[in-house]
Amino acid sequence: MLTVEHVTKKYGRTLANDDVSFAVEDGSIAVLLGPNGAGKSTIIKCITGLLRFDGKIEINSQPNKSLEAKRALGYIPEMPATYDLLTVAEHLEFVRRAYRCEDDGRAEELLRRFELWDKKDKLGKELSKGMQQKLSIACALVHRPTVVIFDEPMVGLDPHAIKELKEMFRELRDGGACVLISTHMLDSVEDYWDEANIMVSGKIAATKRNTPEDGDSRTLEQLFFDVTEGGEHA
Amino acid sequence: MTALRYLFLMRLKNRFLQMVRKPATFIFMLFLAAMLALTVVSAFIPEMEGESVYPEVPMYYLTGGLVVVYSAVFLLVAAKGLSGGASIFTLSDVNLIFTSPLLQRSVLFYGLVQQLGASLLLGFFLLFQFSWLHQMFGISFPQLLLIIVGYAAATFCGQLAAMAMYSLTVDSERARKGAEFVLYAVPSVFAVYLLVSLAAGGLADPLPRLMAGLSGPVLRCMPVGGWLAAFVGGLINGEWAAAALGLGATLLSCAAVVFVLVKKDPDYYEDVLQTAEAGYSAILAAKEGQLAESVPKNVKVGRTGLGGGWGASAFYYKHVLENRRSRVFLLSAQQLIFAAVTVAMAFFMRDAGPAAVFGFSTYMQVFTVALGRFNRELAKPYVYLVPEPPFQKLLQCLREALPGTVTEAVLIFVPVGAIMGASPLETAVLILARVAASALMIAANVLMERLFSGVISKVLSTLLYFVLVVAAFVPPVAAAVLTSMLASFDMAGALLAFSAVCVPEAALIGFLCRDTLQYAELNG
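Residues numbered from 1 in each chain as written. Chains lettered and ligands numbered in written order. Predicted model: local features only at pLDDT ≥ 70, side-chain atom pairs only at ≥ 80, totals over all residues.

As a further point, take the overall build of chain A. Secondary structure assignment for chain A yields seven helices and ten strands. Against the globule reference of 17 Å for 234 residues, chain A gives a C-alpha radius of gyration of 18 Å, in line with a compact fold. Its C-alpha atoms give chain A principal-axis dimensions of about 50 × 35 × 30 Å. Burial statistics for chain A: of 234 residues in total, 50% are counted as buried. Taking contacts inside chain A between residues at least 6 apart in sequence as the whole, the part at least 24 apart equals 69%. (Helix = DSSP H or I, 4+ residues; strand = E, 2+ residues; numbered from the N terminus. Rg over C-alpha atoms; globule rule 2.2 N^0.38 Å. Buried ≥ 20, exposed ≤ 12 C-beta atoms within 10 Å, placed from the backbone. Contact = placed C-beta atoms within 7 Å.)

Below, the structure written as structure tokens:
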């Protein structure tokens, strides 16, 4: 489970996140939506422990900076994080060793799934941006995290990889993981989200649940435009 | 006013305004000016104190040195033409100028003029060499400017040659290999001639005969470094005919290359596009705080797998693997060059003693200190995400620098000790002190990352880096000075005191910076 409570983040005088609070339950997919500059990437980086902040963030009830929390976390950054001089397979071996995980075949499974197995001996620098992104996703999942954060994961992926990734989101949810996806591509999240948080100007401006019990009858797209263009807060 | 002239003048004007408007840049400029003034004044101190102003070293040493430096610069820059090519254009030029209805020759001329200015700036660091050049060779300031012009010309000619080679060989591997052969064969012929003539003269006085050979008429015929050395050395020594011949040969070769570029393949745009894009990517990466990885064009993958590592030590094994693939074995090419320069300087500083060479080498180390892949690791998220104690990760990231540091110390101070006539014990102490200084330098770099890497201005961060390094070395230098003054210790004793302060200070800084890898934000 992921809980974010009253998180405020400033860059100098710029307020990037203003008292942000939300939670993502185990076995659910939450999406973080918002226009460019809304503060999505900043809150993601606070959650992953890359930035300092005021407030409280817990991963599986542990402070996000603790080693236990880091062990449970998988993070896919917006820019693919690959090394030029490691082969595809070595990327996964490196992450597996760094996280002290024995080789249980998970790396091969992920590479086959993302159609990277035939490229396992190719260097990071030889991969296209889309392939680097797929490798970055595989690296984040090889240690079987229970809290997985995706920052704009669809950018640069081909249709097959997008389909595979969406399938992966559902599998992670069904396996009991909590998944948080930050994106500004509304149509890419339409069919699998459980909860949506819409950010505007560093704040959570609206929250919507994908259940019949949710009182708001508007579609996610309608709500998004009402909030971001009309200044509505829900 | 033509569009290209307008563009050139506006860029020049805006660059100047940017420099004046940014306080950090302005302060840095003032600092550099002050340092330059200090360098110039310190050069004249012996004369002001009534000491001999006669040059200590014969002038042909300088000409010989210029042949080596100019040739090395020319070859290093020109060799880029064999891989990715060297472009005198930016990606903005490519996108805006190449697509506009301007004459391609005018565009080429614009690029050349712009590159000439950039080449002159590259020689700026030579200004700070005035003090020792003046004391050794009696060089005046205008003569130093002449040396800088020669350096800039070597860079410019190298760029031009690289562009021509790339343009002429891009479609044919055979042509590329031919160009590579010619590029290295020509200086090799001159080097062989030099070695043969040295060997013929026996073993007596190798250094004076080497420098005499380098500054002799044959080596001064070597393209392009020899020609430029003939030009600059000729003007300094009053050898007008040699100067005129050197200048003439350089200008003719440049004109010939431009002629070939324009006539052989007037559509050179395609050839510079790739390098302009590569250059732009490097600039973009630098803006995003990522260090450009100097990866060989053709990486030999070899054996795969990390071969070890568990937890934080996985970083160390990854770095070893990456170093093997990037063909960095213990020392980088830059470290090897600086080591060679230090050993060469030992010849000139024999009278000053080993401690002076140690001081010189430590000064040079400010520019070459190797943190290995630590800085590159900071740009990726893994080093922060991996669930290991931050201090463990820091130590494992710096671990690969240790063998190189010891190797470098041995490589420098065994020959320096031999040249200086130091005893084995003194040589061992020099090596120990070098390793200790390296440890402190690495610690100072980590401290720099911890405290100031968020500083966006490169100029300000460079200034802060120098201040930090100087401050870090105050305690060990003070310990060395006090020990030699109070206890009347010799050089070895003073260097031992220096080392005895360096090591714990480095350890303390490392400990205080143990949370560097706690947040990416701490590293900018």
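Having put the structure on the table, let's press on.
Structural remark: α-helix, 3.6 residues per turn; residues separated by three or four positions point the same way. Residues and elements named next belong to chain A. Restricting attention to buried positions, one finds in helix 4 (residues 106–113) the residues Ala-107, Leu-110 and Leu-111. All buried residues of helix 4 fall inside an arc of 100° around its axis, so they share one side. Note on helix 4: the residue one or two positions beyond its end, Glu-115, has a positive phi of about 55°. (Arc of directions from axis to C-beta.)

Time to look at the domain arrangement of chain B. Residues and elements named next belong to chain B. Domain annotation of chain B identifies domain 1 (1–52), domain 2 (54–287) and domain 3 (313–523). At the junction of the two partners, domain 1 supplies eleven residues and domain 2 supplies 13 residues. Of all elements in the fold, only helix 1 (3–21) and helix 2 (23–48) reach the threshold of two or more residues within the side of domain 1 that touches domain 2. Ranked by residue count, the leading element in the side of domain 1 that touches domain 2 is helix 2, at seven residues. Split into classes, the residues belonging to the side of domain 1 that touches domain 2 amount to eight nonpolar, three polar and no charged. (Domains from an automatic or database assignment. Nonpolar A, V, L, I, M, F, W, Y, C, P; charged D, E, K, R; others polar.)

Residue and element names in this part refer to chain A. Two strands pair when backbone bridges link them, and strand 1 (residues 2–11) and strand 4 (residues 54–59) are joined in this way by five bridges, in the antiparallel orientation. Across the sheet, Thr-8 pairs through a bridge with Asp-54, a residue of strand 4. Examined bridge by bridge, strand 4 and strand 5 (residues 62–63) share two bridges and lie antiparallel to one another. Opposite Glu-58, over in strand 5, you have Pro-63 as the bridge partner. (Pairing = 2+ DSSP bridges.)

What follows is about the sheet that holds strand 5 of chain A. Residue and element names in this part refer to chain A. The strand order 2-1-4-5 describes an open sheet built from four strands, whose pairing is antiparallel. Edge positions in the sheet fall to strand 2 (14–24) and strand 5, since each has one partner strand and no second. Against the sheet, helix 1 (residues 40–47) touches strand 1, strand 2 and strand 4, its axis set at about 115° to strand 1. (Axes fitted to C-alpha atoms, helices over the stretch in contact; angles between N-to-C directions.)

Attention now moves to the sheet that holds strand 8 (residues 178–182) of chain A. Residues and elements named next belong to chain A. With mixed pairing, the six strands of this open sheet are ordered in space as 6-7-8-3-9-10. Each having just a single partner strand, strand 6 (73–76) and strand 10 (203–209) make up the two edges of the open sheet. Each strand of the sheet is rotated relative to its neighbour by a mean of 15°, with strand direction disregarded. Against the sheet, helix 1 engages strand 3 (28–33), strand 7 (147–151), strand 8 and strand 9 (195–200), with an angle of about 150° to strand 7.

Counting from both sides, the interface comprises 27 residues of chain B and, opposite them, 30 residues of chain A. Elements represented by at least two residues in the side of chain B that touches chain A include exactly helix 13 (313–325) and helix 17 (382–385) of chain B. Here the element with the most residues in the side of chain B that touches chain A is helix 13 of chain B; it accounts for five residues. Here the residues of the side of chain B that touches chain A are counted per class, giving 15 nonpolar, six polar and six charged.

As a further point, take unusual backbone geometry. With omega at -20°, the peptide bond leading from Pro-223 of chain B into Val-224 of chain B counts as cis. Structurally, the position occupied by Val-224 of chain B is in the loop between helix 9 (206–214) and helix 10 (225–237). Of note in the backbone geometry, His-6 of chain A takes a positive phi value of approximately 50° without being a glycine. Within the chain, Arg-144 of chain A stands out as a residue other than glycine whose phi angle is a positive 55°. Within the secondary structure layout, Arg-144 of chain A lies in the loop between helix 5 (129–141) and strand 7.

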